[in-house]
Amino acid sequence: MRVHHLLRALALAGAFLCGHTGAADAASPPPPIADFFSNPQFTGAVLSPSGKYLAVKVSNKNSKRDMLGVVDLANNAVKVVGNFSDADIGAYQWVNDERLVFTATDRDLAQGDMRYAPGLYAINRDGSKFRQLAMRDGQPFITSGSSLNSRDLLPWHTYLLPQRGAQDSEYTYVQDRIFSSSGEYLYTNLLKLNTLNGRVSRSVKRPGDTYFWMLDSRGEPRLTMTTEKGGTNSVYYRDPASDEWRKLTDFERYTNRGGAFRPLSFGPDGTLYVLSHTPGKDTSVVFAYDIAAGKMGDKPLVSLDGYDFRGNMVVRDNKLLGVNHLTDAWGTSWLDPAMKTLQDKVDKMLPNTVNMLTLPSKPETPWVLVSSFADIWPRRTLLYNTETDKLTLIGESFPDIDPNQMARKELVHYKARDGLNIPAWLTLPKGGGKNGPLVVLVHGGPWVRGGEWEWNADAQFLASRGYAVLEPEYRGSTGYGGRLYRAGWKQWGLKMQDDITDGTRWAIDKGYADPKRICIAGASYGGYATLMGLIKEPDLYKCGVEWVGVSDINLMYTGSWFYASDFTDDYKRYGMPVLIGDREKDAEQLKATSPLLRASEVKQPLLMAYGGADTRVPLPHGTKFYKAVKETNPNVEWIEYEEEGHGWKLPKNRIDFWGRVEKFLDKNIGAGR
């Protein structure tokens, strides 16, 4: 987002810039690849505690670097308060109404070229009293015009705590991540830091090897979670009277089995909100937890039909106003009547989008931040004035995307062969979608939720090229209840793969796909599923596109010489045997479901891409499979982005990759086949 764009938008004094109002020309060419895969031009904004000021990332034509700007909403004056000559502004947040903290990053460097930590810096909103608080490496990262003694700085492994805090002084809490001499992560300290003088006034006492901290509504550390021996985690509560920690519950680290609950947040009255289950129900719900009595309430406070709860409690001015939550899309259930009325007003002004409202923590002004998006519309950020009922557009993440050229996305369901209900996301190309070419796009993880109702560059790009896109939430996916999640344990290449196959056949039966023009694609676990799909269903999938995909389950256990892996020994001992398979007890199953050992069975055209600096799925997963498959299959294309990690950070690589994907699909299932 450029400074003059921000000024121009704010100077409209409340005019709503809708944009893209005309119908798309049916004969117009599809949007360029760069419109989908360049970096977002705007990434959001943060209101100050009072709501008087707005912090944003800005840039201008003379600088390729992201800078930190502050807008005075009383007069729309913009001031750049933080910038580096050789780095971009990273994360940022308000310490109080006068002061901000922020980090550094470099959007022009991929994982293999990164040499610095984020560091930590503080500055007043008027640009005064700048201070570097933490190193970016072993030496202080000196900005133009400043000189600092490294002895005054916190170490490079100091990070922002992504929680709001009290916002009533110059103090903030930061995390100090401690590593062993060999680089193994051990635990995280919580430090109370004075952002004016850079000194730590307090290191919070730990009850064990802490890895997560939670502040209460007053901004004080009240809860922590620790890693224990034997593959379990514990939840501890710090008593405000005695300052002592006591254990509330524990659970298995990688499967989440056991334990009474998982902590969510604290309410303004000190109530602890937690996630748990009701008897006979498959999805997680929100309860109030009575800390003194050590038990949860009799009835859940928030329950989402068909979905595990994911979201947050909305607290402002020490009052619980509502709950943000994710079902198929994000939304808010307001408890406060005034906020419900406000939401209705905004929704009438922006009728075709999800509109999430963010209030200042201690509002003194009429400003409310609005994040607006839809399946066809990338995220936009606006300001709403509750006194004038006017909306002002602040920025758009992908302004070159015309919603009229985008495809609709919906959540569908189908039955797997064993009767299990499988959710899936279906995106049909605009003006088409019947008996056309289909890309089955498999999400990574696999123990994550794959999608939600919002604009997605991958699916929308494929749809803009005329392909229907099916994204199955196969068993093992999270967010849709424990039954679907647990059904995926030890099912790599087996029932998890069957779910994807059954979804593909469902799409054929519904008339969405031409059975002779279907390609399977995906990254990470999705890359693994692509390879297994080509092996197990040679007549169903005409081609495959896989990037950063697992090719050998045993290689996940053993690793490879000269290539680092971020899989810890702890995960290999307590997580993988339960979730994926035990190397000894399930040895035959792992052999049968490792694509590398079955590479000769892949006869279809295949496009493979890997990052040379990937530590999640190291490069040998790709090179070994490529060498093996090329012995019997001449139609295999190989791409290596030497500097990239687990996915493509750099726009040039994303644009190059998807350009190759476009040509590959066109040749095999598209118009050019």
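Residues numbered from 1 in each chain as written. Predicted model: local features only at pLDDT ≥ 70, side-chain atom pairs only at ≥ 80, totals over all residues. Heavy atoms only, no water.

Here we come to the overall build of the protein chain. Broken down by element type, the protein chain carries 13 helices and 35 strands. Expected size for 673 residues packed as a compact globule is a radius of gyration near 26 Å; at 26 Å, the protein chain falls within 12% of this value. Projected onto the principal axes, the alpha-carbon positions of the protein chain cover approximately 65 × 60 × 55 Å. Intrachain contacts of the protein chain at a sequence separation of at least 6 include 57% that bridge at least 24 residues. Carbon together with sulfur atoms contributes 49% to the accessible area of the protein chain, which is approximately 28800 Å² in total. In the protein chain, which carries 82 positive and 79 negative side-chain charges, the distance between the mean positions of the two groups comes to 0 Å. (Helix = DSSP H or I, 4+ residues; strand = E, 2+ residues; numbered from the N terminus. Rg over C-alpha atoms; globule rule 2.2 N^0.38 Å. Contact = heavy atoms within 4.5 Å. Areas by Shrake-Rupley, 256 points an atom, 1.4 Å probe, with all protein chains shown as cover. Lys, Arg positive; Asp, Glu negative; His and termini not counted. Charge placed at Lys NZ, Arg CZ, Asp CG, Glu CD.)

Okay, the sheet that holds strand S7 (residues 120-124) next. Strand order in this open sheet of four strands is S5-S6-S7-S8, and the pairing throughout is antiparallel. Both outer strands of the open sheet, strand S5 (88-94) and strand S8 (131-134), are each paired with one neighbouring strand and no more. Within this sheet the neighbouring strands show an average axis-to-axis angle of 30°, counted without direction. The pairing of strand S6 (residues 99-105) with S7 spans four bridges and is classified as antiparallel. Looking at the pairing, Val101 lines up with Ala122 of S7. (Pairing = 2+ DSSP bridges. Axes fitted to C-alpha atoms, helices over the stretch in contact; angles between N-to-C directions.)

Looking at where Gln491 falls in the secondary structure, it is placed in the loop between helix H5 (482-486) and helix H6 (495-509). Under the relative-accessibility criterion, Gln491 is labelled buried at 17%. C-alpha separation for the pair Gln491 and Thr332, spaced 159 residues apart in sequence, amounts to 35 Å. Contact partners of Gln491, with chain neighbours within four places excluded, come to Met496 and Gln497. (Buried < 20%, exposed > 50% of the residue type's maximum accessible area, 1.4 Å probe, protein only.)

Below, the discussion takes up the nonpolar core. In this structure, Trp492, Ile580 and Phe625 are the most contacted members of the largest nonpolar core, which totals 78 residues. For this core, the element with the highest residue contribution is helix H7 (residues 525-536), accounting for seven residues. Ignoring sequence-local partners within four residues, the contact set of Ile580 consists of Trp447, Lys490, Trp492, Ile553, Met556, Tyr571, Gln589 and Leu590. (Core = buried A, V, L, I, M, F, W, Y, C linked by side-chain atoms within 4.5 Å.)

Omega for the peptide link from Gly445 to Pro446 comes to -5°, which places this bond in the cis form. By the secondary structure assignment, Pro446 is in the loop between strand S30 (436-442) and helix H4 (457-464). A positive phi is found at Asn76, a non-glycine position, where the angle reads about 65°. Mapped onto the elements, Asn76 comes out in the loop between strand S3 (63-72) and strand S4 (77-82). A positive phi angle is found at Ser524, which is not glycine, with a value near 60°. Secondary-structure assignment places Ser524 in the loop between strand S32 (513-523) and H7. Residue classification places Ser524 among the buried residues on the basis of a relative accessible area of 14%.

Next up on the list: the pairing of strand S28 (residues 409-415). Pairing geometry for S28 and strand S29 (residues 421-427), over seven bridges, is antiparallel. Note that in S29 the partner of Lys409 across the bridge is Thr427. Counting the residues in the hairpin turn of S28 and S29 gives five residues, including Gly419, whose phi is positive at 95°.

Here six bridges tie strand S34 (residues 606-611) to strand S35 (residues 636-641), and the two strands are oriented parallel to one another. Across the sheet, the residue bridging to Met608 is Trp638, located in S35. Regarding the hand of the β-α-β motif, the stretch spanning S34, helix H12 (residues 620-630) and S35 is right-handed. (Right-handed = clockwise from strand over helix to strand, strands pointing away.)

Attention now goes to the confidence of the model for the protein chain. Of all residues in the protein chain, 93% attain a pLDDT of 70 or more, and the chain-wide mean is 92. Predicted confidence is poor over residues 1-23, with pLDDT under 50, and the contacts of this stretch with residues over four places away or in other chains come to 58 contacts. Confidence over residues 140-150 falls short of pLDDT 50; this stretch has 19 contacts with residues more than four positions distant or in other chains. (pLDDT = per-residue confidence, 0-100.)

With that settled, the discussion passes to the sheet that holds strand S25 (residues 367-373). Strand order across the open sheet formed by four strands is S24-S25-S26-S27, with antiparallel pairing between neighbours. The sheet terminates laterally at strand S24 (354-358) and strand S27 (390-396), the two strands that pair on one side only. Strand-to-strand twist of the sheet, defined as the mean angle between neighbouring strand axes without regard to direction, takes the value 30°. The strands touched by helix H3 (residues 337-349) are S24, S25, strand S26 (380-385) and S27; relative to S24, the strand with the most contacts, the crossing angle is about 140°.

In this section: the side chain of Thr381. Positionally, Thr381 belongs in strand S26. Sequence-distant contacts of Thr381, that is, excluding residues within four places in its chain, are made with Phe42, Gly44, Leu369, Val370, Thr392, Leu393, Ile394 and Gly395.

This part takes up the packing of H4 against helix H13 (residues 651-668). Interhelical geometry of H4 versus H13 gives an angle of 40° and a closest axis separation of 11 Å. Overall, the two elements H4 and H13 adopt an arrangement that is oblique. Of the two elements, H4 crosses H13, and the hand of that crossing is right-handed. Every residue of H13 that contacts H4 at Asp458, Phe461 and Leu462 is listed here: Trp658, Val661, Glu662 and Leu665. Across the contact of H4 with H13, the residue classes tally to five nonpolar, no polar and two charged. (Parallel < 35°, antiparallel > 145°, perpendicular 65-115°, else oblique. Left-handed = near helix turned anticlockwise from the far one by under 90°. Nonpolar A, V, L, I, M, F, W, Y, C, P; charged D, E, K, R; others polar.)

Turning our attention to the packing of aromatic side chains. If you walk through the whole model with that rule in mind, you get 34 aromatic pairs. Taking the centre distance of 6.3 Å and the plane angle of 80° together, the rings of Trp447 and Tyr485 count as edge-to-face. With Trp447 in the loop between S30 and H4 and Tyr485 in helix H5, this residue pair connects regions lying 38 residues apart in the sequence. Each member of the pair Trp447 and Tyr485 is classed as buried. Ring-pair connections join several aromatic residues into one group, and the members of that group are Phe36, Phe37, Phe398, Trp455, Phe461, Trp547, Tyr641, Trp648, Phe657 and Trp658. The ring of Tyr159 has Arg177 sitting right over it, with the charged end atom 4.1 Å from the ring centre. The residue whose ring lies beneath Lys192 is Tyr171, and the NZ or CZ to ring-centre distance is 5.2 Å. (Phe/Tyr/Trp six-rings, centres within 6.5 Å; stacked < 30°, edge-to-face > 60°. Lys NZ or Arg CZ within 6 Å of the ring centre and 35° of its normal.)

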